[in-house]
Structures are given as C-alpha cells and as structure tokens.
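# Residue-level structure breakdown
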Amino acid sequence: MPSAIALGTHSIAVNGIEQHYHASGTGPYCIVHSGGPEIEASYLRLPLLEENLTMVYLDPIGTGSSGRLATHPQGYSVDRFSEQLLAFIDAAGIADPYLLGHSHGAFVVLKAALKRPVGVAGLILYAGAAYTGGHFMAAAGTEIASFVSRNAGTEEAAAVERAWGSIPTIRTDDAYTAALRDLLPAYLSDFRCWPDILETLQRRLQATLLVGDGQAFDVRDRLSALQVPALVVAGNDDFILGPRHAVLLADLLPQAQLRIFEQSGHFAHIEKAHAFAEAILRFTGRPGLPPA
C-alpha cells in the first residue's frame, strides 16, 4: 500500500502547530492517540500490529515533540484535541483510517468521529468512557484507597497514596511526571507480576501539565447516531476506566464489539499484549499475528 505519509519520525504543520508523529508498519492506516491528556506517545507503541497495519503514533499537541498552543498550558480541551486529529488526517492525506485512542485519547477519537463520521474505517476505544461526570473522580479515589489498603506496608502503596493526594497542587511538568510515575503501580493488574514493565514505564513516561476547559466529558446522548464500527476494550482490573465504563460505551454504540481482558489493568496492550493485538487485528480484518 503506498504511504500517504512518510514512515519514520516526522513533524508536519497542522492548524499552525507542529504535529509530531511516528509511523511504522504496513497495511491500512491506524492513527493512535495517547492518553493523559498529558502523555506523549512512546508508551503506546504496538509492534504486534505493525506487520498488518500502518500505525501512526501521535504526540498529542502540548506533549513530546509536538508544538504548544499559544495559550499553553491552558486550552487543551477534548474539542481542541479532536480538531487537531481531524486536521492531521486531512493534512497527511490519509483515507479511511482506523482511530485508536487510549484513556483520554479514547475521548478524543470518539469526539472526532462524532464530528466527522464519514471517512473513518473504525474506532478502537481502549480504556475509554461515554462520560466522566458525576462521581467519576470520587470513584477513582475510592479505588486508589483500596489499592493502598491491599498493599499496605509496601513502597508502592505509600508512593501511590502520596502521588494521588499531590496532583491537585502540582504546578510543574517535572512534578507532574514524577507523580504519574509513582501512580503507575495502581494502573497495573498486579504490579508485582510486572517489575520490568513497571520500571520501564516509570523510566520512559514523560508528562506535560496541561489544562482543559474544566468540562466533564459526556456524549451519551449522541452515540446512538454514530454508525461507525467500534471495538471497545478494557482491562478487568483497570481502577479508573474499567469494565463498567466499557460496557456502557459498547451498549450505547450501534456497531460496537466489546472485549474485556482478564488480569489486566489500564495497560492491556502490555499486560495482555498478544490477546490485545489479536482482538484489534480481527476487528480490522487483518487476523495475521507473529508467533507467540
């Protein structure tokens, strides 16, 4: 398949901002938007997909090597990210891509599809939700307290508790990166099972302190009209965007498939890498997988 964009690591001007991306693989295009909204894309590389799909990993604006808004760190709303994503698709000349969004990135690709459903081959909504209002953060806080209690006496529990409590007062990128690194054990199904992965994630994770518009994400009343194939995936042990959110999202989307990964937290693409890749390849009609 001829490339609409150059493979490798590049930047192009999109909406007057440098949009950094890395493209790798062969086959239909799948554009990947990472989470946060403050996290650059390197943690979300998906090599098991690259033999069958051309994966295009975006550093969201305000993160990594992408440009910053003139109002930085203000103005990074879901709407603004979704506008950037659609403009990137146009600027890159990519026809009918799949859109894969993780966590906050799932909100972004869902909002982009609601704005322009034509020309999207399908949505892969990974650890996403149809809304984050109401008791969303309170419920997450309760799960953090449960993690701390289950792991009382460990360095990880103390770090998670300290980091969660510090987030409202953080004002610098370095402090925010440090807090998110300390929180990572709570995002895994069982951090004891993944010491190497946890160490790698903590070493590589880079965050930028961004501020949105303060509005809760809620598209529940719009999803019944979205006639785009969707795969909704989540880890069974994801404390913040787990099965409860995935089931509701899949129920509301007319053409959705649902896949919940057992013994997996917020990073199913790492904790259950092969099963995660297989689910996406089957959804995209590219079932080939490299040997386990």
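Structure: above.
Our subject in this report is the structure included herewith.

Cut-offs applied
Residues numbered from 1 in each chain as written. Predicted model: local features only at pLDDT ≥ 70, side-chain atom pairs only at ≥ 80, totals over all residues. Heavy atoms only, no water. Salt bridge = Lys/Arg side-chain N within 4 Å of Asp/Glu carboxyl O. Helix = DSSP H or I, 4+ residues; strand = E, 2+ residues; numbered from the N terminus. Buried < 20%, exposed > 50% of the residue type's maximum accessible area, 1.4 Å probe, protein only. Expected span 1.5 Å × (residues − 1). Contact = heavy atoms within 4.5 Å. Pairing = 2+ DSSP bridges. Phe/Tyr/Trp six-rings, centres within 6.5 Å; stacked < 30°, edge-to-face > 60°. Lys NZ or Arg CZ within 6 Å of the ring centre and 35° of its normal. Core = buried A, V, L, I, M, F, W, Y, C linked by side-chain atoms within 4.5 Å. Axes fitted to C-alpha atoms, helices over the stretch in contact; angles between N-to-C directions. Polar contact = N/O pair within 3.5 Å; in protein donor to acceptor, adjacent residues only side chain to side chain.

Counted under the stated rule, the structure contains ten salt bridges. Its salt-bridge partner being Asp 79, residue Lys 115 comes within 3.4 Å of it at the nearest N-O pair. Remark: Asp 79 occurs in helix H1 (residues 78–92) and Lys 115 occurs in helix H2 (residues 104–115); sequence separation between them is 36 residues. Here Glu 83 makes a salt bridge to Lys 115, at a shortest N to O gap of 3.8 Å. Taken together, the residues span a long stretch of sequence, with Glu 83 in helix H1 and Lys 115 in helix H2 at a distance of 32 residues. Overall, Glu 83 belongs to the partly exposed group, its relative accessible area being 39%. What makes Lys 115 partly exposed here is its relative accessible area of 34%. If you follow the salt bridges from partner to partner, you end up with Asp 79, Glu 83, Lys 111 and Lys 115 in one network.

In this model H2 runs 17 Å from its N-terminal to its C-terminal C-alpha over twelve residues, within 8% of the 16 Å that 1.5 Å per residue would give. Judged by how many residues are buried, H2 sits mostly within the fold: eleven of twelve residues are covered. Taken as a whole, H2 has its buried residues at His 104, Gly 105, Ala 106, Phe 107, Val 108, Val 109, Leu 110, Lys 111, Ala 112, Ala 113 and Leu 114. If you follow the buried residues of H2, they end up packed against strand S3 (29–33), H1, strand S5 (98–102), strand S6 (122–126) and helix H7 (243–252).

Another point: helix H9 (residues 273–283). Note: α-helices contain 3.6 residues per turn, so residues at a spacing of three or four share the same orientation. All of the buried residues along H9 are Phe 276, Ala 277, Ala 279, Ile 280, Leu 281 and Phe 283. Considering only its buried residues, H9 is in contact with S5, S6, strand S7 (230–235), strand S8 (256–261) and helix H8 (268–271). Gly 285 sits one or two residues past H9 and shows a positive phi near 75°.

Moving on: the pairing of strand S1 (residues 8–14). Pairing analysis gives seven bridges linking S1 to strand S2 (residues 17–25), with the strands arranged antiparallel. Opposite Thr 9, over in S2, you have His 22 as the bridge partner. A loop of two residues connects S1 with S2, the two strands running antiparallel in sequence, and Asn 15 in this loop sits at a positive phi of about 55°.

A word on the packing of aromatic side chains. Applying the stated rule across the entire model yields eleven aromatic pairs. Aromatic side chains Tyr 187 and Phe 267 sit 6.3 Å apart centroid to centroid with 55° between the ring planes, which places their arrangement in the tilted category. Of this pair, Tyr 187 sits in helix H5 (residues 173–187) while Phe 267 sits in the loop between S8 and H8; the two residues are 80 residues apart in sequence, bridging distant segments of the chain. Judged by its relative accessible area of 14%, Tyr 187 falls in the buried class. Residue Phe 267 is classed as buried on the basis of its relative accessible area of 6%. Directly above the ring of Tyr 131 sits Arg 220, whose terminal nitrogen or CZ lies 3.9 Å from the centroid.

This paragraph deals with the nonpolar core. In summary, soluble globular proteins display a tendency toward joint burial of nonpolar side chains. Among the nonpolar cores identified, the biggest contains 102 residues, and Phe 88, Leu 110 and Leu 123 are the most heavily contacted of them. In this structure, Leu 123 is in contact with Leu 99, Val 109, Leu 110, Ala 113, Leu 226, Val 228, Pro 229, Ala 230, Leu 231 and Phe 283, ignoring residues within four places of it in sequence.

Before going further, it helps to examine the sheet that holds S3. Within the open sheet, the eight strands sit side by side as S1-S2-S4-S3-S5-S6-S7-S8. Their pairing is mixed. Looking at strand neighbours, the two that pair on one side only are S1 and S8, the edges of this open sheet. Taking each pair of neighbouring strands and ignoring which way they run, the sheet shows an average axis angle of 20°. Direction of pairing for S6 relative to S7: parallel, over a ladder of four bridges. Paired with Leu 123 across the bridge in S7 is Ala 230. Contacting S3, S5 and S6, H2 runs over the sheet at an angle of about 145° to S5. Each of S5, S6, S7 and S8 is contacted by H9, which is oriented at about 170° to S8, the strand it contacts most.

To continue, consider the pairing of strand S4 (residues 54–58). Along S4, five of the five residues are buried, which leaves the element largely enclosed by surrounding structure. Burial along S4 is two-sided: Thr 54, Val 56 and Leu 58 facing one way and Met 55 and Tyr 57 facing the other are all buried. Two elements, S2 and S4, share five bridges in a ladder whose sense is antiparallel. Within the sheet, the bridge partner assigned to Ser 24 lies in S4 and is Met 55.

It is worth spelling out the side chain of Gln 19 at this point. Note that Gln 19 resides in strand S2. Within polar-contact distance, the side chain of Gln 19 engages the side chain of Gln 84 at 3.4 Å. Residues contacting Gln 19, with those up to four places away along its chain left out, are His 10, Ser 11, Ile 12, Val 14, Leu 58, Asp 59, Ile 61, Ser 66, Gln 84 and Phe 88.

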